[in-house]
Amino acid sequence: MRLLGYEWGKLARLPALWGFLTLCLAFNCLLIGSGDRWRREWNAAGALTGELGRRVDRGFLDGLHQQPRTQYRDYLLSAAEGMTDIYEDYDLTLLSNFYNGYVKSAPAAAALMERKYEQLAERVARLSETGAAMDWYGGPVTHYAHQFLYGTLMRAVLTEGAVLGMLSMLFLLGYEDRQRTAAGAYASRTGRKLCRYKVLAGITWSLAAYLLLAAVTLGVFLLLWDWSSVWGGSVSGQFNYIIDLFVSRPFFTWADFTAGSYLVAAVVLGGLLVMAFALLAAVCGTLVRNAYLSALVLALLLCGGVAAQALCARAGLWMGYALLTFQPVSVWLCINGWFTELGLNAFVPWQETVSVGMGLAALGLGAALSLRRFGRKDVNT
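Rules of the game
- Residues numbered from 1 in each chain as written.
- Predicted model: local features only at pLDDT ≥ 70, side-chain atom pairs only at ≥ 80, totals over all residues.
- Heavy atoms only, no water.
- Helix = DSSP H or I, 4+ residues; strand = E, 2+ residues; numbered from the N terminus.
- Buried < 20%, exposed > 50% of the residue type's maximum accessible area, 1.4 Å probe, protein only.
- Contact = heavy atoms within 4.5 Å.
- Areas by Shrake-Rupley, 256 points an atom, 1.4 Å probe, with all protein chains shown as cover.
- Lys, Arg positive; Asp, Glu negative; His and termini not counted.
- Charge placed at Lys NZ, Arg CZ, Asp CG, Glu CD.
- Disulfide = S-S within 2.5 Å.
- Axes fitted to C-alpha atoms, helices over the stretch in contact; angles between N-to-C directions.
- Parallel < 35°, antiparallel > 145°, perpendicular 65-115°, else oblique.
- Left-handed = near helix turned anticlockwise from the far one by under 90°.
- Pairing = 2+ DSSP bridges.
- Patch = residues over 30% accessible without salt bridge, like charges linked within 9 Å, V, L, I, M, F, W, Y side chains within 5 Å.
- Salt bridge = Lys/Arg side-chain N within 4 Å of Asp/Glu carboxyl O.

Caption draft 1: Seen up close, the overall build of the chain. Within the chain, the secondary structure is distributed over 17 helices and two strands. Taking the principal axes of the C-alpha coordinates as reference, the chain spans close to 80 × 50 × 30 Å. The proportion of buried residues among the 381 residues of the chain is 51%. Here the contacts in the chain between residues at least 6 apart in sequence split such that 79% fall between residues at least 24 apart. For the chain, the accessible area works out to roughly 17,500 Å², and carbon and sulfur atoms hold 63% of it. Seen as two clouds, the 31 positive and the 26 negative side-chain charges of the chain have centres 19 Å apart.

Next comes the structure, spelled out in structure tokens:
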């Protein structure tokens, strides 16, 4: 524990780290300000939810009729009166055929895609049974507010946490080499074990930095955006949808998420993904002893994975594309649709969760093996 504390201390005394953290928070505040075009409408719809309830029924409509007549009230009333249970007779065939049309040249990928939508049919029936489509959530502005929170703000927090985590990990693993103390530090058996504490310190620090960024950013966001009345509403209400490949589809989720539970799940999965990125940095930093070179290798792995996925799609190698959708960067790219069927970005249910779990297991094993290798190799100075 004492060695772990020393490694944390190295990070805590690094001014550049705190400077980067401050810049991230300032940038996030600017992002929050950029969403003001939807904030007033969201807050007005949220206040309406608090007064009339989360479910659009006869009582909700009667209460809305009794509101002072304004152009905005008429707009909301028109939207509410047009609501129907879209999940009651929703036909997944068109959606399944649309995405299968892309991957049909790869029978295995097409079979996975078809199976995914067969399983989604059970979820559609469940959403209809619970009446999720009739939840008001945030009214007509729901799509824009939801995508702003997750596609913009949470993506920024996750990116900042991952970058901070990877840089912290590489800093710790390269510290002795930069200080020219590697020969002395790693000469003993205890010294060789020091890297284990560095990796553990890097992972915990990464998670702590991400949680701090998320807490402060979401705290500021929720001070300006009133979500107090919508936490219990279904995140799969009909005003929430995803636009992908110019096709709009409802916000199908693999479980019954409320707006509150969805946010908690997204923050938790984001923390696990940050840990996966930190472990990837640990593997690179342990195998490549030069900090700058290991950072370059890490960047090539991250960017190369995305490029390979895009090239597979362009070349029609859809099975290769399907396998590459499990990499951590792909999970990061689709944060605005986590826990949904994700269209062409997923080939199995809960793929983002499965991908992060597999990534943590594989990278954890990789880190363990790289540490074992480091413990047995000669130290060159």
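Past the structure itself, the notes keep going.
Caption draft 2: Representation of the state of the cysteines in the model. For the structure on display, the rule yields zero disulfides. In this model Cys29 remains outside any disulfide bridge; the closest cysteine sulfur is found in Cys24, 11 Å from its own. Cys303 carries a free sulfur, and the closest cysteine sulfur to it, the one in Cys284, is 12 Å from it. When its relative accessible area of 55% is taken as the criterion, Cys303 is described as exposed.

Caption draft 3: Structural detail: the packing of helix 2 (residues 15-34) against helix 12 (residues 194-224). Where helix 2 meets helix 12, the closest approach of the two axes is 10 Å, and the angle between their N-to-C directions is 30 degrees. Considering their axes alone, helix 2 and helix 12 lie roughly parallel with respect to each other. Both helix 2 and helix 12 take part in a crossing whose hand is right-handed. Taken together, the residues of helix 12 that come into contact with helix 2 (itself represented by Leu17, Trp18, Leu21, Cys24, Leu25, Asn28, Cys29 and Ile32) are Trp205, Leu212, Leu213, Val216, Thr217, Val220, Phe221 and Leu224.

Caption draft 4: Local environment of the pairing of strand 1 (residues 241-244). Only one face of strand 1 is buried, namely the one carrying Ile242 and Asp244, since none of Tyr241 and Ile243 on the opposite face is buried. Where strand 1 lies against strand 2 (residues 247-250), four bridges are found, and the strand directions are antiparallel. Bridge assignment links Ile243 to a residue of strand 2, and that residue is Ser248.

Caption draft 5: Here's a closer look at a nonpolar patch on the surface. On the surface, Trp18, Leu212 and Val216 cluster together into a nonpolar patch covering about 240 Å² of accessible area. Relative to the elements of secondary structure, Val216 occurs in helix 12. Classification of Val216 by relative accessible area gives partly exposed; the value is 34%.

Caption draft 6: Inspection of the environment of Pro15 at higher detail. With respect to the element layout, Pro15 can be found in helix 2. Residues Pro15 and Leu25 lie 10 residues apart in sequence; the distance between their C-alpha atoms is 16 Å.

Caption draft 7: Representation of the pattern of salt bridges. In the structure shown here, the tally under the stated rule is 11 salt bridges. Note that Asp36 and Arg39 form a salt bridge whose closest N and O atoms lie 2.8 Å from each other. One end of the pair, Asp36, and the other, Arg39, are both in helix 3 (residues 36-52), three residues apart, so they sit about a helical turn from each other. Residue classification places Asp36 among the partly exposed positions, given a relative accessible area of 35%. We classify Arg39 as partly exposed; its relative accessible area is 21%. One salt-bridge network, held together by shared partners, links Arg123, Arg126, Glu129 and Asp256.

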